[in-house]
Amino acid sequence: MNKISYYLVLVVGIIACLSFIPHAFMGYPAVLEHIQKGEINGAATNGMQMIWLYSSIMMLLSGIWMLFLAKPVKNGDNKSRTQVLLLGIGLSIFGVLCTYISGQVDGMFSFTIEGVLLLLASTIFFKRADNEQ
């Protein structure tokens, strides 16, 4: 049993789901405010709104998917482990690139932490089920 991996995936999934709330319900109005002020204009206005909506929805769906993956990971399912590994790689790369682009450690660094936690869950703390080939 992979209790540590289970809890890591569960915690990151819950954080991702909860992060959706401020991202969608406070972030999107802030985007609209920047558009209204003219700080975002032209073709970027529609694109920015669509990107923000997409990222909000995907944040929620990624969190939900992690919640679905937590129990199979706990049971040592290798296919679930691979999915958690890929999510961890993606979040880690995203967080590191955001930190690089901004030139500072800010709130986006939390994605790096979430990614590293998923990487730990799918590598160091993961034990395959005995019955898997």
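Residues numbered from 1 in each chain as written. Predicted model: local features only at pLDDT ≥ 70, side-chain atom pairs only at ≥ 80, totals over all residues. Heavy atoms only, no water.

Re the overall build of the protein
Then step 1. A tally of regular secondary structure across the protein gives four helices and zero strands.
Then step 2. Each helix and strand of the protein, placed in order from N terminus to C terminus, yields the pattern α-α-α-α.
Then step 3. Its C-alpha atoms give the protein principal-axis dimensions of about 60 × 25 × 20 Å.
Then step 4. In the protein, which comprises 133 residues, the share counted as buried stands at 33%.
Then step 5. For the protein, the proportion of contacts with a sequence separation of at least 24, taken over those separated by at least 6, is 71%.
Then step 6. Carbon and sulfur atoms form 70% of the exposed surface of the protein, whose accessible area is close to 8300 Å².
Then step 7. For the protein, the distance from the average position of its 8 positive side-chain charges to the average position of its 7 negative side-chain charges is 14 Å. (Helix = DSSP H or I, 4+ residues; strand = E, 2+ residues; numbered from the N terminus. Buried < 20%, exposed > 50% of the residue type's maximum accessible area, 1.4 Å probe, protein only. Contact = heavy atoms within 4.5 Å. Areas by Shrake-Rupley, 256 points an atom, 1.4 Å probe, with all protein chains shown as cover. Lys, Arg positive; Asp, Glu negative; His and termini not counted. Charge placed at Lys NZ, Arg CZ, Asp CG, Glu CD.)

Observations regarding the layout of surface pockets
Then step 1. Taken as a whole, the largest pocket encloses approximately 520 Å³ of empty space.
Then step 2. Around the largest pocket sit 20 residues that line it, and S55, M59, L91, F94 and F111 are the ones nearest its centre.
Then step 3. Those elements that provide at least two residues to the lining of the largest pocket are α1 (3-36), α2 (44-74), α3 (78-102) and α4 (109-122).
Then step 4. Looking at the lining of the largest pocket element by element, the count peaks at nine residues for α2.
Then step 5. Class assignment for the residues of the lining of the largest pocket results in 14 nonpolar, five polar and one charged. (1 Å grid on protein atoms, 1.4 Å probe; cavity = no way out; pocket = protein on both sides within 12 Å on 5 of 7 lines; lining within 4 Å. Points joined across faces, edges and corners; volume = space filled by probe spheres on them. Nonpolar A, V, L, I, M, F, W, Y, C, P; charged D, E, K, R; others polar.)

As for α1
Then step 1. Taking 1.5 Å per residue as the helical rise, α1 with its 34 residues ought to reach 50 Å, and the 49 Å between its terminal C-alpha atoms agrees with that figure.
Then step 2. At G27, α1 shows its largest bend, some 30 degrees, and a proline, P29, comes one to four positions later. (Expected span 1.5 Å × (residues − 1). Bend = angle between axes of the 7 residues up to and from the residue.)

As for the side chain of E114
Then step 1. Relative to the elements of secondary structure, E114 occurs in helix α4.
Then step 2. Once you skip the residues sitting within four places of it in the chain, E114 turns out to touch V12, I15 and L91.

Notes on the pattern of salt bridges
Then step 1. According to the stated counting rule, one finds one salt bridge in the structure shown.
Then step 2. Among the salt bridges present, the one from K37 reaches E33, with a minimum N-O distance of 3.3 Å.
Then step 3. A relative accessible area of 55% places K37 in the exposed class. (Salt bridge = Lys/Arg side-chain N within 4 Å of Asp/Glu carboxyl O.)

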